[in-house]
Amino acid sequence: MRARGMADRAVKWITWGCASISLLGLGLITVFLFREGLPLLRRVPLGSFVLGTAWHPTSAPPSLGILPMIAGSALVTAGALAIAVPLGIAVALFIGEVLPHGFKDAFKVAVEILAGIPSVVYGFFGLVVLGPWLQTRLGLPTGQTALTAAALLGVMALPTVASVAEDAVAAVPESLREASLALGASPWETMWRVVLPAARSGVFAGVLLGMGRAIGETMTVLMVSGNSPIWPPSFLLPVRTMTSTIALEMAEAPVGGLHYRALFAVGAILFLFTLILNLVGDLVAHWVRRRG
Amino acid sequence: MGEEEGMKRRKVWEGLGLGLLGLAAGGVMIVLGGVIGFLILKGGSALSWEFLTSFPRRGMSEGGIFPALVGTGYLVLGTVILTVPLGVGAAVYLSEYARGGRWIRIVRVGINSLAGVPSIVFGLFGLAFFVKAVGIGVSVLSGALTLSLLVLPVMIRAAEEALRTVPEEFREGAYALGASRWQVTRSIVLPVALPGIITGAILAVGRAAGETAPIMFTAAAYYAPRLPRSPLDEVMALPYHLYVMATESTFFWKTRDLQYGTALVLLLLVLVFYLTAAVIRARMRRRKRW
C-alpha cells in the first residue's frame, strides 16, 4: 500500500516536471536572448538602434539602425492581415454556420494542411511562381516585393485566424441563433448581426495570434521579399524584415561581436513583441471561455 | 420604402453575404489545391528512385537528395524521442493530477506562449544555448533539442485533448476497484487515449520535418559529403537544402528541376503525416462506442 502511494507521488512530481519544462524553456529563451543581445546597449544607445534608418553592420564604424526592418515587418504583417482576417473570418463562418455536419471535418483538415505546408515550400512557390507573376502583371523591376511576401503570409496566417475564430463561433450558444431566426432574421442576418458580434472577442484573439504568426514568419519572407533594407519601405519594393535579417546575417556575424549582439537584440525585440501578442490573445481567449 | 422593397433588399444581401462566404472558402481551397497541384506537376518529373537515393553531385547541380532525407529523418527521430515522453508527461499532469489553481494557469500560459515564439527565435536560442553555452556544437542533437522545444506545445495540446476525451466513468470504475491514480492512468486512461496521442506525435513530426529557421544555426550543413556518424555531426536537411538550392547555390537558376523535386518530396512528406493524423482521428471518432 505504501509502495503504491510512493509510486503515485513520484509520478505526480515527474509529470509536474514535464509540464513545467515549457515554462523553463520560455525562461531560458528570455535569459539567453538578453544575455547575448543586451551588451549591445553599452556601445549603441537604444534610441539610435531602434530609430536609426541605416543598417551597415560590417562597415567601419558600423551603423546599426533597425527602423527599416521594424517598418518592413510591420508593413508585411499589415498586408498579410488585410488578407488573412477577412478570409479567415469568412472561412470560420463557412465552417461553423454554412457547411453541413458531414463536411466540416474534411474542410477543417484542408485548412490544417494549409497551415502545415512548410514555410520554405511557400517561399519556393513565391520565388518561382507568385513573384514572377506579380512582376509581369504589375510591370515591376523585380517580383521580390513586400506585396509578394504579404500575399503569402496572408495565406499562412489565415488558418490561425480561421481556427481560433471558428472555435469562438462554435461557442456561441444555439439559443441565440434560434432566437434570431424565430424573430424572422435570415440565416445571413443571424450570422452577421448575432453570431459574429457574440464571438467577437474570440475572433479578436484569432487576429492577434495570426498577427504573431505573420510577424514571426522567416523562411517565406526571406525567399520572396528581396531583403533590401530600403527606407521608407513600400509594398512594390523589396523589403527587409526583422526575421529575415537574423536568418540572412547570423552565419557571417563573428560570435560576440557588435553585429552578433545586434542580431540577438533584434531577436529579443521580436520575442518580446510576439510574447505580448500571445499573452493578450491568451487573456482574451481565457476571458471568453470563462464568460461562456 | 415599401415593405416589398425592403424584403427584396434583404434577399439581395442574403445572396451577397452567403455568396461571399462561399467564394472566400472556395478561394482558399483553390489556393491550397493550386500550390499542391503545381508542385506535383512540376516536381513529378524530377522524382525517381535515383533522386531519393543518391548524393548531390557537381556542386549540387546534379544528383539526388539522399543525405538531406536521411538528415531530416535523424532530426525528426531525435525530436520524437525527446518530445513524446515530455509531452505525454505534461499532458498526464495537466489532465490527471493538476487540480487547477494559479500555477496551472501559469503553466498553460507558458505552453501557449511557447507555441507563439517565432521559429527564428528558437534558432537563435538553440545557437546561444545548446550550441554555445552547453557546448554541443552544430549537430543533430542541438537541432533535435531546439526542434523539440518548438513542437512541445503541439504534442502537449494533442495529448491532453486525447486524455480529456476518456470518459470519467472509466476512471471512476477503476478507482472503485481500489486502483491508485497512477494505476488508473497507466492501465485505463493512457491505453484508451493512445490513438489521440499518436496523432499528436505525428503532427509534431510533420511540423518538425518542415521547419528550417530553427535548424539553420544549430544543425544544418550546406553540404555534407557523407552521412552523419553520430548525433554530434552536422547534417543536411530537406527544408534547408531546398532553401540553399533555390537561393544560395552557385547556379540556382539552372537547377530548378531538382528544386521542384525537393519541394515536392518535402510537401508529400508533410502531407502524408497530416493525412495520416486526420485518418486516425476520423476512425477514432467513428469507433467510439461510449
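About the criteria used
- Residues numbered from 1 in each chain as written.
- Chains lettered and ligands numbered in written order.
- Predicted model: local features only at pLDDT ≥ 70, side-chain atom pairs only at ≥ 80, totals over all residues.
- Heavy atoms only, no water.
- Helix = DSSP H or I, 4+ residues; strand = E, 2+ residues; numbered from the N terminus.
- Buried < 20%, exposed > 50% of the residue type's maximum accessible area, 1.4 Å probe, protein only.
- Contact = heavy atoms within 4.5 Å.
- Areas by Shrake-Rupley, 256 points an atom, 1.4 Å probe, with all protein chains shown as cover.
- Lys, Arg positive; Asp, Glu negative; His and termini not counted.
- Charge placed at Lys NZ, Arg CZ, Asp CG, Glu CD.
- Rg over C-alpha atoms; globule rule 2.2 N^0.38 Å.
- pLDDT = per-residue confidence, 0-100.
- 1 Å grid on protein atoms, 1.4 Å probe; cavity = no way out; pocket = protein on both sides within 12 Å on 5 of 7 lines; lining within 4 Å.
- Points joined across faces, edges and corners; volume = space filled by probe spheres on them.
- Nonpolar A, V, L, I, M, F, W, Y, C, P; charged D, E, K, R; others polar.
- Patch = residues over 30% accessible without salt bridge, like charges linked within 9 Å, V, L, I, M, F, W, Y side chains within 5 Å.
- Salt bridge = Lys/Arg side-chain N within 4 Å of Asp/Glu carboxyl O.
- Phe/Tyr/Trp six-rings, centres within 6.5 Å; stacked < 30°, edge-to-face > 60°.
- Expected span 1.5 Å × (residues − 1).
- Bend = angle between axes of the 7 residues up to and from the residue.
- Buried area = accessible area lost by both parts, 1.4 Å probe.
- Polar contact = N/O pair within 3.5 Å; in protein donor to acceptor, adjacent residues only side chain to side chain.
- Axes fitted to C-alpha atoms, helices over the stretch in contact; angles between N-to-C directions.
- Parallel < 35°, antiparallel > 145°, perpendicular 65-115°, else oblique.

Caption draft 1: Fine view of the overall build of chain A. Across its full length, chain A holds 13 helices and 2 strands. Out of the 292 residues in chain A, the part that is buried amounts to 54%. Relative to all contacts within chain A whose residues are 6 or more apart in sequence, the contacts with residues 24 or more apart total 70%. Of the roughly 12,600 Å² of accessible surface on chain A, 68% is carried by carbon and sulfur atoms. Taken as two groups, the 19 positive and 14 negative side-chain charges of chain A have centres that lie 10 Å from each other.

Caption draft 2: Geometry of the overall build of chain B. When its secondary structure is counted, chain B shows 11 helices and 2 strands. Secondary structure elements of chain B, listed N to C terminal, follow the sequence α-α-β-β-α-α-α-α-α-α-α-α-α. Computed over the C-alpha atoms, the radius of gyration of chain B is 24 Å, more than 25% above the 19 Å expected from 2.2 N^0.38 for a compact globule of 290 residues. Based on the C-alpha atoms only, the size of chain B along its principal axes is roughly 70 × 65 × 35 Å. The buried share of chain B, reckoned over its 290 residues, is 52%. In chain B, of all internal contacts separated by at least 6 residues, the share reaching a separation of at least 24 is 74%.

Caption draft 3: Representation of unusual backbone geometry in the model. Residues and elements named next belong to chain A. Note that the residue after A60, namely P61, is joined by a cis bond; omega there is -5 degrees. With respect to the helices, strands and loops of the structure, P61 is situated in the loop between strand 1 (55-56) and strand 2 (63-64). Following W231, the chain continues to P232 via a peptide bond in cis, the omega torsion being -10 degrees. Within the element layout of this structure, P232 appears in the loop between helix 11 (219-224) and helix 12 (242-249). The backbone phi angle of N227 is positive, close to 60 degrees, even though this residue is not glycine.

Caption draft 4: Expanded view of the confidence of the model for chain B. With 99% of its residues at a pLDDT of 70 or more, chain B has an overall mean of 92. For this predicted complex, the interface score ipTM comes out at 0.94, while the overall pTM is 0.94.

Caption draft 5: Highlighting the layout of surface pockets. The calculated volume of the second largest pocket comes to roughly 460 Å³. Elements supplying a minimum of two residues to the lining of the second largest pocket: helix 4 (67-98) and helix 9 (187-198) of chain A together with helix 1 (3-43) of chain B. With 9 residues, helix 1 of chain B is the single largest residue contributor to the lining of the second largest pocket. Classifying every residue of the lining of the second largest pocket gives 13 nonpolar, 1 polar and 4 charged.

Caption draft 6: Main features of a nonpolar patch on the surface. On the surface, a cluster of nonpolar side chains totalling about 470 Å² of accessible area is made up of W13, L16, L20 and L23 of chain B. Structurally, the position occupied by L16 of chain B is in helix 1.

Caption draft 7: Quick look at the packing of aromatic side chains. If you walk through the whole model with that rule in mind, you get 15 aromatic pairs over all chains. Relative to F38 of chain B, the ring of F125 of chain A has its centre 5.6 Å away and its plane inclined at 85 degrees; by these criteria the two rings are edge-to-face. Remark: F38 of chain B occurs in helix 1 and F125 of chain A occurs in helix 6 (residues 119-138); the pair is interchain, linking two chains. Arranged with centres 5.7 Å apart and planes meeting at 75 degrees, the rings of F125 of chain B and F130 of chain B form a pair that is edge-to-face. Assessed through its relative accessible area of 1%, F125 of chain B is described here as buried. Clustering of aromatic rings is evident, with ring pairs tying together F32 of chain A together with F125, F129 and F130 of chain B.

Caption draft 8: Focus on helix 3 (residues 66-97) of chain B. The end-to-end C-alpha separation of helix 3 of chain B is 45 Å, in line with the 46 Å expected for 32 residues at 1.5 Å each. Considering bend angle alone, the principal kink of helix 3 of chain B is centred on T83 of chain B and spans about 30 degrees; proline P85 of chain B follows within four residues of it.

Caption draft 9: Highlighting the interface of chain A and chain B. Taken together, the contact between chain A and chain B spans 77 residues of the former and 81 residues of the latter. Summed over both partners, the interface of chain A with chain B comes to about 6,800 Å²; 77% of that surface belongs to carbon and sulfur atoms. Joining chain A to chain B, the criterion identifies 3 salt bridges. Here R105 of chain B ties to D282 of chain A by a salt bridge, and the two come within 3.8 Å at their closest N and O atoms. There are 8 residue pairs in polar contact (both at pLDDT 80 or more) connecting chain A and chain B. Examining the composition of the side of chain A that touches chain B, we find that 20 residues originate from one element, helix 1 (residues 2-37) of chain A, more than from any other. Counted by class, the side of chain A that touches chain B contains 55 nonpolar, 14 polar and 8 charged residues.

Caption draft 10: The pattern of salt bridges, seen in detail. Applying the stated criterion to the full structure yields 17 salt bridges over all chains. Note that R261 of chain A and E36 of chain A form a salt bridge whose closest N and O atoms lie 3.8 Å from each other. You can see R261 of chain A sitting in helix 13 (residues 258-291) and its partner E36 of chain A sitting in helix 1, a full 225 residues away along the chain. Here R10 of chain B and E189 of chain A are joined by a salt bridge, their closest N and O atoms 2.8 Å apart. Taken together, the residues span two chains, with R10 of chain B in helix 1 and E189 of chain A in helix 9. A single salt-bridge network, built from bridges that share partners, covers R35, E36 and R261 of chain A.

Caption draft 11: Structural view of the packing of helix 4 of chain A against helix 9 of chain A. Residue and element names in this part refer to chain A. Interhelical geometry of helix 4 versus helix 9 gives an angle of 100 degrees and a closest axis separation of 12 Å. As judged from the angle between their axes, helix 4 and helix 9 are roughly perpendicular. Every residue of helix 9 that contacts helix 4 at I89, L93, E97 and V98 is listed here: M191, V195 and L196. When the residues that make up the contact of helix 4 with helix 9 are grouped by side-chain class, the tally is 6 nonpolar, no polar and 1 charged.

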